[in-house]
Amino acid sequence: TGIGNWSNEDFYRALRFGVAPDGSRYYPAFPYPYFTKMTRDDILAVRAYLATLAPVSNQAPPPALRFPFNYRVLMRAWNYLFFQPGILEPHQDKDAEWNRGRYLVRGPGHCGLCHTPKNWFGADRRSGRRLTGGMVDGWFAPRLDGAERSGLKSWSVDDIVEYLQSGRNGKSHADGLMAEVVVNSTSKMSDADLKAIAVYLKSLPARVPDPQG
C-alpha cells in the first residue's frame with residue numbers, strides 16, 4: 001500500500017511531472033507544481049530517505065471530489081493551463097544564500113501552496129500575487145512579502161529564523177496548520193537553510209497594496 005515497489009524513475013516522474021506509475025495524473029493537493037522545481041539529486045535523496053521507513057499496510061481513502069473534478073483525466077487540461085514543469089534556475093545576479101532560500105521556498109518548502117491566493121481552479125494566481133496570503137482549510141496563511149501591515153516588512157531576518165525554529169518570536173506565534181509546519185518541518189531545518197529562507201523572504205517587495213481597514 002506504499003511506494004516500496006516504485007522505481008527511482010517512478011518517484012522522479014511523480015514529483016517532477018505529477019504522474020503516477022500507472023500514468024494517471026495527481027491532483028495538485030500533492031504539490032508537484034512546487035516539487036517540480038527541485039533538482040533530480042534532491043528528488044532522489046527524498047526517495048532514498050523514504051526507502052528507509054518501515055512499511056505498513058494502510059489503504060488511503062479515495063479523493064472525495066464532486067463531478068466533474070472526480071475525473072482525473074481533467075488534470076491534463078489543468079496541467080496544460082497552469083503547470084510549468086522544470087527545475088528552478090538560480091539568478092546569476094544574486095548570491096548563493098539568496099538563491100538557496102528562493103529554492104527552498106518555491107521548491108521543496110512549497111510555501112506558496114498555502115501563502116499564495118488561488119484562482120477558481122485551485123491554481124496559484126499570477127506571479128504578481130505570489131506569497132501575498134491565501135486561505136487553506138479555513139485558516140488564513142498571511143503574506144510573506146514586504147507589505148508594511150500584513151507582511152514581513154517589520155520582521156528582521158533573525159525574527160523569521162526564530163519563528164521558523166520555535167513557532168514564536170516577539171511579533172507573533174504559530175497556530176493551527178502553521179504550528180504543524182514548524183513542529184514537523186521548519187524546526188528540523190539547519191540554521192543555514194532557515195537564514196537563507198529569511199534572506200529571500202526579506203527581499204520580496206509588496207507587489208499588491210495592504211488591505212484597507
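Just so you know, these numbers come straight off a predicted model, no measurement behind them.

(A) The arrangement of the environment of Ser166 in detail. Relative to the assigned elements, Ser166 resides in helix H7 (residues 157-166). Sequence separation between Ser166 and Ala179 is 13 residues, and the spatial gap between their C-alpha atoms is 9.2 Å. In terms of polar contacts, Ser166 uses its side chain to reach the backbone carbonyl oxygen of Arg168, at 2.9 Å.

(B) Local environment of unusual backbone geometry. Of note, Leu131 is a non-glycine position whose phi angle comes to about 60°, a positive value. As for its placement among the helices and strands, Leu131 is situated in the loop between helix H6 (112-115) and strand E1 (134-136). Positive phi is not limited to glycine here, since Asp137 has a value of about 50°. Looking at where Asp137 falls in the secondary structure, it is placed in the loop between E1 and strand E2 (139-141).

(C) Structural detail: the environment of Leu152. Tracing the chain through its elements places Leu152 in the loop between E2 and H7. Taking the C-alpha atoms as reference points, Leu152 and Gln84, separated by 68 residues in sequence, lie 28 Å from one another. Every residue in contact with Leu152, bar those within four places of it in the chain, is listed here: Arg143, Leu144, Asp145, Gly146, Ala147, Ile160, Leu201 and Lys202.

(D) Inspection of the side chain of Arg47 at higher detail. Checked against the element boundaries, Arg47 lands in helix H3 (residues 40-50). We note that Arg47 is buried and unpaired, the nearest opposite charge coming from Asp10 at a distance of 7.2 Å. Within polar-contact distance, the side chain of Arg47 engages the backbone oxygen of Trp6 at 2.5 Å. When residues no more than four places from it in sequence are discounted, the contact partners of Arg47 are Ile3, Gly4, Trp6, Ser7, Asn8 and Phe11.

(E) Just the pattern of salt bridges, in detail. According to the stated counting rule, one finds five salt bridges in the structure shown. Note that Arg40 is salt-bridged to Glu9, the shortest N-O span being 2.9 Å. One end of the pair, Arg40, is in helix H3; the other, Glu9, is in helix H1 (residues 8-17), with 31 residues separating them in the sequence. Classification of Glu9 as partly exposed rests on a relative accessible area of 38%.

(F) The nonpolar core, seen in detail. Judged by nonpolar contacts, the single largest core of 36 residues is most densely connected at Ile160 and Leu201. Counting residues per element, the ones that place at least two in this core are H1, helix H2 (32-35), helix H4 (75-82), helix H5 (96-106), H7 and helix H9 (191-202). Considering each element in turn, this core owes the most residues, five residues, to H9. If sequence neighbours within four positions are ignored, Leu201 has contacts with Val105, Leu131, Leu144, Leu152 and Ile160.

Reading the values: rules and limits
Residues numbered from 1 in each chain as written. Predicted model: local features only at pLDDT ≥ 70, side-chain atom pairs only at ≥ 80, totals over all residues. Heavy atoms only, no water. Helix = DSSP H or I, 4+ residues; strand = E, 2+ residues; numbered from the N terminus. Polar contact = N/O pair within 3.5 Å; in protein donor to acceptor, adjacent residues only side chain to side chain. Contact = heavy atoms within 4.5 Å. Buried < 20%, exposed > 50% of the residue type's maximum accessible area, 1.4 Å probe, protein only. Lys, Arg positive; Asp, Glu negative; His and termini not counted. Salt bridge = Lys/Arg side-chain N within 4 Å of Asp/Glu carboxyl O. Core = buried A, V, L, I, M, F, W, Y, C linked by side-chain atoms within 4.5 Å.

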